[in-house]
Amino acid sequence: MPSDLQLLCGFQTGHALRPLWHLQADCHFLNHGSFGATPRHVLAAQDGWRLQIERQPVHFMGAQLPQALRCARARLAEFVGTAQQRLAFVENASDGVNAVLRSYPWRSGDEIVLANHAYPAVRATVNFLAQRHGLRVTLARVDFPQHSAQQLVEAYCAAITPGTRLAIVDHVFSPLALVTPLQDIVAHCRGVGVPLLVDGAHGPGMLALALDDLGADWYVGNCHKWLFAPKACAFLYAAPAAATVLHPTVISNFHGAGFPQEFDWQGTRDYSAWLAVEAALDFVQAFGAARYRQHLHDQAQQAAALLCEHWQVRLPAPAERFAAMVSVPWPWPEEATAENAKFWHDRLWNEHQVEVPVLPINGQLWLRISAQIYNELSDYEALARALDVPRERMRP
Ligand SMILES: Cc1ncc(COP(=O)(O)O)c(C=O)c1O
């Protein structure tokens, strides 16, 4: 076993593991959630694939790539609880969501339901299609702060009507960091016959996935966030009946080959990120996938408790509603504008080397902290201290 993976098998976490990443030294990186951070071990495996491609590009693309992709898909499929025939590689969650929504046989007047806190790129895709096909867009009004998961489920039940042709739900809401109780929403959608697309951009690695058991029609997951794959590695799961309508966003040589083969060739591109997913799975599995999820959850809760105690603020939802990320209120009342959010984000980075998203949500500023195995509580203490200074002394 390579030494990086041996280190993961031990009991150490925190800064002792930092050498396994290229992360800048002496910074407090509390934003694994935005783009992940790929370990050296996985990047080396990706380089290995690139070398293989370049040794004989024609032979690789024609003779080796299809089998290599099948193996990578099979390994990933096992990890997320399905079979490789139900899983296609895509570049990222945006690509997967686009593949589903742009393949769907819309009719003018159809209704599509998504949450008021859905990811902006998903909202943009929905609005684009609404204009193009004359769709009605209905928002499920998800509260934030949110005192019970039931509110989220009820928001979807209230938004879905007999005219709804498709619903989209976030597995983990990006700005809120809340985890959705998917089972209840899937059950409702099945009961009323509405196809459901799960935006699981943060799901793989952070949450245990059993996609066949879940029963959603489509699930899109990023592997480059919590699964440590190189950037531009994601998947689209489709239940058998839901696969028949699907095409990749780039139509190419395999058009007509069906799902998932059509997705295996989308023109000449760098396929190494997809192929390196096995190295990413090796990385997570060397640490232990269940141990990894538990560690992230425990660390996120401890970090959130530390910040809440330090700043005397309250979490926007019960702690068990979060997994590896938590949104914590800004320590003092601050105008919730994009400009202010950027000002404080930049200030935290430039003056305190703390990387953490600052987000305006529902008239308030929030900090969305991530937990990762390379973090330790001292990283969150640095954030707590950075915002300790009286406000009037921090502003220019
Ligand atoms: C909920 C959600 N959906 C979609 C996306 C888009 O992901 P990507 O940029 O990988 O396409 C994100 C990104 O963070 C997200 O959090």
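Criteria and thresholds
- Position numbers for residues start from 1 in each chain and track the written sequence from start to end.
- Since the coordinates come from a predicted model, pLDDT governs what is reported: local features require at least 70, and pairs of side-chain atoms require 80 or more to be given and counted, while whole-chain, interface and lining totals use all residues.
- With hydrogens and water excluded, all non-hydrogen atoms of the structure serve as input to the side-chain values.
- To qualify as a helix, a DSSP run of H or I must reach at least 4 residues; to qualify as a strand, a run of E must reach at least 2; elements of each kind are numbered from the N terminus.
- Here the radius of gyration uses the C-alpha set of atoms, whereas the globule reference equals 2.2 Å times the residue count to the power 0.38.
- Burial here depends on accessible area, computed with a 1.4 Å probe over protein chains only, as a share of the maximum for the residue type. Under 20% is buried, over 50% is exposed, and the range in between is partly exposed.
- By definition in these notes, contact holds between two residues if any of their heavy atoms fall within 4.5 Å.
- Note that accessible areas follow from Shrake-Rupley with a 1.4 Å probe, and for residues the cover is restricted to the protein chains shown.
- When charges are tallied, Lys and Arg are placed among the positive residues and Asp and Glu among the negative ones, while His and the ends of the chain are skipped.
- By convention, charge coordinates are those of NZ in Lys, CZ in Arg, CG in Asp, or CD in Glu.
- In these notes, residues near a molecule or strand are those with any non-hydrogen atom within 4 Å of it.
- Contacts described as polar in this section are N or O atom pairs within 3.5 Å, which, within protein, must combine one atom able to donate a hydrogen with one able to accept it, while residues neighboring in sequence count only if both atoms come from side chains.
- Think of it as three bins: nonpolar holds Ala, Val, Leu, Ile, Met, Phe, Trp, Tyr, Cys and Pro, charged holds Asp, Glu, Lys and Arg, and polar takes everything else, Gly as well.
- Where each domain begins and ends follows an automated or database-derived domain assignment.
- Joining two parts hides part of their accessible area as seen by a 1.4 Å probe, and the buried area is that hidden amount summed over both.
- For two strands to be treated as a pair, DSSP must find no fewer than two bridges joining them.
- As a rule, the C-alpha atoms of each element are fitted with a line to give its axis, helices using only the stretch in contact, and angles between N-to-C directions run from 0 to 180 degrees.
- The scheme is simple: roughly parallel for angles under 35 degrees, roughly antiparallel for over 145, roughly perpendicular for 65 to 115, oblique for anything else.
- Left-handed is the label given to a crossing in which the near helix is rotated counterclockwise from the far helix by less than a right angle, and right-handed is the label when the rotation is clockwise.
- Any Lys or Arg side-chain nitrogen found within 4 Å of a carboxyl oxygen on Asp or Glu counts as a salt bridge.

A. Looking closely at the overall build of the protein. A tally of regular secondary structure across the protein gives 17 helices and 12 strands. Whereas a compact globule of 396 residues would reach a radius of gyration of roughly 21 Å, the protein reaches 21 Å, a difference of no more than 12%. Expressed as lengths along the three principal axes of its C-alpha atoms, the size of the protein is roughly 65 × 55 × 35 Å. Residues classed as buried in the protein amount to 56% of the 396 residues present. Summarising the internal contacts of the protein: among those between residues at least 6 apart in sequence, 70% fall at separations of at least 24. Accessible area for the protein stands at about 16200 Å²; split by element, carbon and sulfur atoms hold 52% of it. The protein carries 30 positive and 36 negative side-chain charges, and their two centres are separated by 4 Å.

B. Quick look at the site of the ligand. As a structural note, the neighbourhood of the ligand is formed by 13 residues, with Ser94, Asp199, His202, Asn222 and Lys225 the closest of them. Between Ser174 and the ligand, the recorded distance is 3.4 Å, taken from a side-chain N or O atom to an oxygen atom. In the model, an oxygen atom of the ligand is placed 3.0 Å from a nitrogen or oxygen of the His202 side chain. Here the ligand, which alone exposes 390 Å², has 89% of that area covered by the protein. Looking at side-chain class alone, the shell around the ligand contains four nonpolar, six polar and three charged residues.

C. Inspection of the domain arrangement of the protein at higher detail. Here the protein is described as being made up of domain 1 (3-30 + 288-386) and domain 2 (85-264). The C-alpha centroid of domain 2 is placed 27 Å from the C-alpha centroid of domain 1. The interface of domain 1 with domain 2 comprises 22 residues on the first partner and 23 residues on the second. Across the interface of domain 1 and domain 2, roughly 1900 Å² is buried in total on both sides, 64% from carbon and sulfur atoms. A per-residue breakdown of the area domain 1 buries against domain 2 is headed by Arg293, Arg321 and Met325, which together make up 33% of the total.

D. Seen up close, the side chain of Gln146. Following the sequence through the fold, Gln146 ends up in the loop between β4 (136-140) and α7 (149-159). Contact partners of Gln146, with chain neighbours within four places excluded, come to Gln151, Leu152, Leu178, Pro316, Ala317, Pro318 and Arg321.

E. Quick peek at the sheet that holds strand β11 (residues 358-361). Taken in spatial order, the three strands of this open sheet run β9-β12-β11, and their pairing is antiparallel. Here the strands that pair on one side only, and so sit at the sheet edges, are β9 (325-329) and β11. Shown here is a sheet whose adjacent strand axes are inclined to one another by a mean of 35°, direction ignored. As paired elements, β9 and strand β12 (residues 364-370) share five bridges and run antiparallel to each other. By the bridge assignment, Met325 is partnered in β12 with Ser370. Helix α15 (residues 338-352) contacts β11 and β12 of the sheet and is inclined by roughly 160° relative to β11.

F. Representation of the sheet that holds strand β8 (residues 234-238). Within the open sheet, the seven strands sit side by side as β2-β8-β7-β6-β5-β3-β4. Their pairing is mixed. On the outer flanks of this sheet lie β2 (87-90) and β4, each paired with one strand and no other. The sheet shows a mean angle of 20° between the axes of neighbouring strands, taken without regard to direction. Two strands pair when backbone bridges link them, and strand β3 (residues 111-115) and β4 are joined in this way by five bridges, in the parallel orientation. Bridge assignment links Leu114 to a residue of β4, and that residue is Leu139.

G. View of the packing of α7 against helix α8 (residues 182-192). Contact geometry for α7 and α8: axes closest at 9 Å, N-to-C directions at 20°. The orientation of α7 with respect to α8, classified from their angle, is roughly parallel. Handedness of the α7/α8 crossing: right-handed. Listed contacts from α8 to Leu152, Val153, Tyr156 and Cys157 of α7 are Asp184, Ile185 and His188. For the contact of α7 with α8, the class distribution of residues is five nonpolar, one polar and one charged.

H. Quick peek at the side chain of Arg368. By secondary structure assignment, the location of Arg368 is in strand β12. Among buried Asp, Glu, Lys and Arg side chains, Arg368 stands out as unpaired, with Glu355 the closest opposite charge at 8.6 Å. A polar contact of 3.2 Å, which involves the side chain of Arg368, links it to the side chain of Asn31.

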